[in-house]
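Residues per chain are reported as follows:
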Amino acid sequence: MLKTSYFDKFECIGSKCSNSCCIGWTIDLDMNTFVKYLEQKDSKITNNLLKNSNPTFDKFAKIKLDKHGRCSFLCKDNLCNIQKKYSKSLLSQTCSSFPRHKVNFGSTEISSGMISCPEISRLLFSDNNSLKIVNQENKIQSPQNLNIIPDEYRDDNYAINGEKIFKLLLQTYNDKSISLEVCLSITNQIISEVEKANVDSEKVEKIFHYIKDFFMNYNFERMENTFFQVNFAKGFFESFLKSKMNGKLSHVIKKLYMSSFMNLSHENIVKLFSEKRDTVFKQFLYNNKNIYKKFFIHELFGKVSLLTNSNTNSKDAFYVILFTAIVSRIILIFGSMFKRNLSLNDFIEVISLVSRYFGAKEKLGKAEQILIKSNDDDDFTSLFCLLF
């Protein structure tokens with residue numbers, strides 16, 4: 001077993017949570033839980049179940065939400081009526097496991113937390129140290145000794161390459177002297193190289209270091225991209241609000257949209273956005289060095305199959321992680337237009353809210369793809385310009 005160092009420290013804080021996982025999104029029921037609920041012969045349970053039109057074992061049905069987007073079993077104090085009335089054993093697989101995320105590689109289990117949970121985000125980002133991965137005995141595993149692929153799968157060349165790449169990326173992202181720009185450029189390029197050819201596992205490390213050396217010596221010139229970022233923000237805010245999603249992120253985005261695009265001229269928004277990005281947000285990043293590097297390597301660990309599974313579109317999965325970071329930064333900068341500083345708590349709230357909507361996606365939707373194709377650059381270049 002391999003897990004993040006905070007994994008065993010997690011405890012649900014229930015009604016104290018700032019963004020309950022029982023509000024604002026669909027809650028799936030597996031078939032076994034659905035049957036158990038029917039067996040209770042409790043109309044307050046059965047009347048709030050909705051069988052899926054194309055049921056699978058894991059997504060057999062869902063729990064109905066009320067008009068405010070709250071789980072029908074959530075009481076006024078934001079605690080679960082199912083657990084209160086019956087027991088924790090009656091919770092669905094989704095409810096009992098969230099926000100714990102596990103990926104099985106045969107005899108090896110990869111365990112991490114989903115940062116869409118504010119408490120997971122707090123545990124992760126409140127620690128100023130680099131991401132640490134530990135084994136079942138909670139002993140820290142160095143990148144060199146990190147064995148993700150078990151013996152029974154070590155004849156899978158693609159999986160072995162992915163393991164090597166992750167170990168090298170972990171070293172790179174945890175190196176405080178290497179910028180986020182370099183880390184992301186390396187990640188994008190190594191994914192491209194491995195995806196387009198069945199690379200010999202003995203050559204992967206050499207290719208990685210060649211790419212790393214190139215970007216370590218590359219001059220990343222700061223381009224004037226304020227108009228691009230503001231136009232993206234306007235398009236994203238409007239697209240998200242049109243989707244009529246009922247949740248806390250919708251309220252945050254509506255408030256930002258109304259106070260900026262509905263009240264200020266486009267010229268003033270661009271000016272204010274540029275000013276706050278280069279002062280308040282820059283100061284936040286200075287006070288919380290490498291926070292986005294930690295975000296990226298944490299997500300790559302939790303979704304390590306994007307590197308080890310040849311059936312996964314690695315680029316699509318990586319771009320979802322990039323898009324999540326971009327949206328969080330845009331929201332934080334717009335939020336800073338009306339306050340003097342940004343705190344770690346602001347970041348934790350925003351990154352968890354955004355991750356709730358985009359963290360589980362395998363690829364960007366059409367609306368998101370249209371937004372990032374606002375110029376003639378390739379997708380990564382567009383995403384890169386939006387992030388920095």
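My aim in this report is to walk through the structure given alongside it, one point at a time.

## Description of the overall build of the protein chain
Part 1 of the argument: Assigned secondary structure in the protein chain consists of 17 helices and 7 strands.
Part 2 of the argument: Radius of gyration (C-alpha) of the protein chain: 22 Å, near the 21 Å computed for a compact globule of 388 residues.
Part 3 of the argument: Counting only C-alpha atoms, the protein chain reaches 65 × 60 × 35 Å along its principal axes.
Part 4 of the argument: Residue pairs in contact within the protein chain that sit at least 24 positions apart in sequence constitute 75% of those at least 6 positions apart.

## Quick notes on the side chain of Thr 172
Part 1 of the argument: Mapped onto the elements, Thr 172 comes out in helix 6 (residues 157–174).
Part 2 of the argument: Of the residues examined, Thr 172 reaches a relative accessible area of 1% and is grouped as buried.

## A look at helix 8 (residues 201–216)
Part 1 of the argument: Over its 16 residues, helix 8 extends 23 Å from the first C-alpha to the last, a length consistent with the 22 Å expected when each residue adds 1.5 Å.
Part 2 of the argument: Along helix 8, the positions that sit buried rather than exposed are Ser 201, Val 204, Phe 208, Ile 211, Lys 212 and Phe 215. Projected onto a plane normal to the axis of helix 8, the buried residues spread over an arc of 100° and lie on a single side. In helix 8, the exposed positions that point more than 90 degrees away from the buried face belong to Glu 202, Lys 203, Lys 206 and Tyr 210.
Part 3 of the argument: Between the side-chain oxygen at the start of helix 8 and the backbone nitrogen of Glu 202 there is a gap of 2.8 Å, and the oxygen is on Asp 200.

## Brief notes about the packing of helix 5 (residues 118–125) against helix 15 (residues 344–358)
Part 1 of the argument: In the contact formed by helix 5 and helix 15, the axes pass within 9 Å of each other and the chain directions differ by 135°. Viewed along their axes, helix 5 and helix 15 adopt a mutual orientation that is oblique. Pair helix 5 / helix 15 crosses with right-handed handedness. Every residue of helix 15 that contacts helix 5 at Pro 118, Ser 121, Arg 122 and Phe 125 is listed here: Leu 344, Phe 347, Ile 348, Ile 351 and Ser 352.

## Focus on unusual backbone geometry
Part 1 of the argument: For the peptide bond that leads from Phe 98 to Pro 99, omega is 5°, which places it in the cis range.
Part 2 of the argument: Within the fold, Pro 99 resides in the loop between helix 4 (93–97) and strand 5 (100–105).
Part 3 of the argument: Its identity is not glycine, yet Asn 78 carries a phi of approximately 60°, on the positive side.
Part 4 of the argument: If you trace the backbone, Asn 78 turns up in the loop between strand 4 (61–63) and helix 3 (81–85).

## Describing the nonpolar core
Part 1 of the argument: Membership of the largest hydrophobic core comes to 104 residues, with the highest contact counts inside it found for Phe 166, Leu 184, Phe 232, Phe 236, Phe 237, Phe 296 and Phe 334.
Part 2 of the argument: In terms of residue count, helix 14 (residues 314–336) provides more of this core than any other element does, 15 residues in total.
Part 3 of the argument: What Phe 236 contacts, discounting residues up to four positions off in sequence, is Ile 253, Phe 323, Val 327, Phe 358 and Leu 371.
Part 4 of the argument: Cys 22, Ile 27, Phe 34 and Leu 74 belong to the second largest nonpolar core, which has 16 residues in total.

## A closer look at the environment of Thr 308
Part 1 of the argument: With respect to the helices, strands and loops of the structure, Thr 308 is situated in helix 13 (residues 305–308).
Part 2 of the argument: For the pair formed by Thr 308 and Tyr 158, sequence separation is 150 residues and the distance between their alpha carbons is 6.1 Å.
Part 3 of the argument: Beyond its immediate stretch of four places on either side in the chain, Thr 308 contacts Phe 105, Ile 149, Tyr 158, Ala 159, Gly 162 and Glu 163.

## So, the packing of aromatic side chains
Each pair of aromatic rings is reported with the distance of its centres and the angle of its planes.
Part 1 of the argument: Overall, the coordinates contain 31 aromatic pairs when judged by the stated rule.
Part 2 of the argument: A centroid spacing of 5.8 Å and a plane angle of 75° characterise the contact between Phe 232 and Phe 323, whose relative ring orientation is edge-to-face. Here Phe 232 is found in helix 9 (residues 226–242), whereas its partner Phe 323 is found in helix 14, with 91 residues between them in sequence. Taken individually, Phe 232 and Phe 323 each receive the classification buried, so the pair is uniform in this respect.
Part 3 of the argument: Ring plane angle 90° and centroid distance 5.3 Å describe the contact between Tyr 292 and Phe 347, whose orientation is recorded as edge-to-face.

## Observations regarding helix 9
Part 1 of the argument: The end-to-end C-alpha distance of helix 9, which contains 17 residues, comes to 24 Å, matching closely the 24 Å that a straight helix rising 1.5 Å per residue would cover.
Part 2 of the argument: Those residues of helix 9 not exposed but buried are Thr 226, Phe 228, Gln 229, Val 230, Phe 232, Ala 233, Gly 235, Phe 236, Phe 237 and Phe 240.
Part 3 of the argument: Positive backbone phi, at 55°, marks Lys 244, one or two positions downstream of helix 9.

## A word on the pattern of salt bridges
Part 1 of the argument: Evaluated as defined, the whole model comprises 11 salt bridges.
Part 2 of the argument: As a salt-bridge pair, Arg 122 and Glu 119 come within 2.7 Å of each other at their nearest N and O atoms. With a gap of 3 residues between them, Arg 122 and Glu 119 both fall in helix 5, about one helical turn apart.
Part 3 of the argument: A salt bridge links Glu 163 to Arg 154; its shortest N-O distance comes to 2.9 Å.
Part 4 of the argument: A residue is classified by how much of its surface remains accessible, and Glu 163, at 2% relative accessible area, is buried.

## So, the sheet that holds strand 7 (residues 133–135)
Part 1 of the argument: Taken in spatial order, the 4 strands make up an open sheet running 5-6-1-7, and their pairing is mixed. A strand with exactly one partner marks an edge of an open sheet, and here the two such strands are strand 5 and strand 7. Within this sheet the neighbouring strands show an average axis-to-axis angle of 25°, counted without direction.
Part 2 of the argument: Inspection of the sheet shows strand 1 (residues 2–4) paired to strand 7 by 3 bridges, in the antiparallel sense.

## With respect to the packing of helix 6 against helix 8
Part 1 of the argument: At a minimum axis distance of 9 Å, the contact between helix 6 and helix 8 shows a crossing angle of 30°. Crossing geometry of helix 6 relative to helix 8 is assigned as right-handed. Facing helix 6, whose interface residues are Asn 157, Ile 160, Asn 161, Lys 164, Ile 165, Leu 168, Leu 169 and Thr 172, helix 8 presents Ser 201, Glu 202, Val 204, Glu 205, Phe 208, His 209 and Lys 212.
Part 2 of the argument: Among the residues forming the contact of helix 6 with helix 8, the class breakdown is 6 nonpolar, 5 polar and 4 charged.

Quick notes on the rules
- Residues numbered from 1 in each chain as written.
- Predicted model: local features only at pLDDT ≥ 70, side-chain atom pairs only at ≥ 80, totals over all residues.
- Heavy atoms only, no water.
- Helix = DSSP H or I, 4+ residues; strand = E, 2+ residues; numbered from the N terminus.
- Rg over C-alpha atoms; globule rule 2.2 N^0.38 Å.
- Contact = heavy atoms within 4.5 Å.
- Buried < 20%, exposed > 50% of the residue type's maximum accessible area, 1.4 Å probe, protein only.
- Expected span 1.5 Å × (residues − 1).
- Arc of directions from axis to C-beta.
- Polar contact = N/O pair within 3.5 Å; in protein donor to acceptor, adjacent residues only side chain to side chain.
- Axes fitted to C-alpha atoms, helices over the stretch in contact; angles between N-to-C directions.
- Parallel < 35°, antiparallel > 145°, perpendicular 65-115°, else oblique.
- Left-handed = near helix turned anticlockwise from the far one by under 90°.
- Core = buried A, V, L, I, M, F, W, Y, C linked by side-chain atoms within 4.5 Å.
- Phe/Tyr/Trp six-rings, centres within 6.5 Å; stacked < 30°, edge-to-face > 60°.
- Salt bridge = Lys/Arg side-chain N within 4 Å of Asp/Glu carboxyl O.
- Pairing = 2+ DSSP bridges.
- Nonpolar A, V, L, I, M, F, W, Y, C, P; charged D, E, K, R; others polar.

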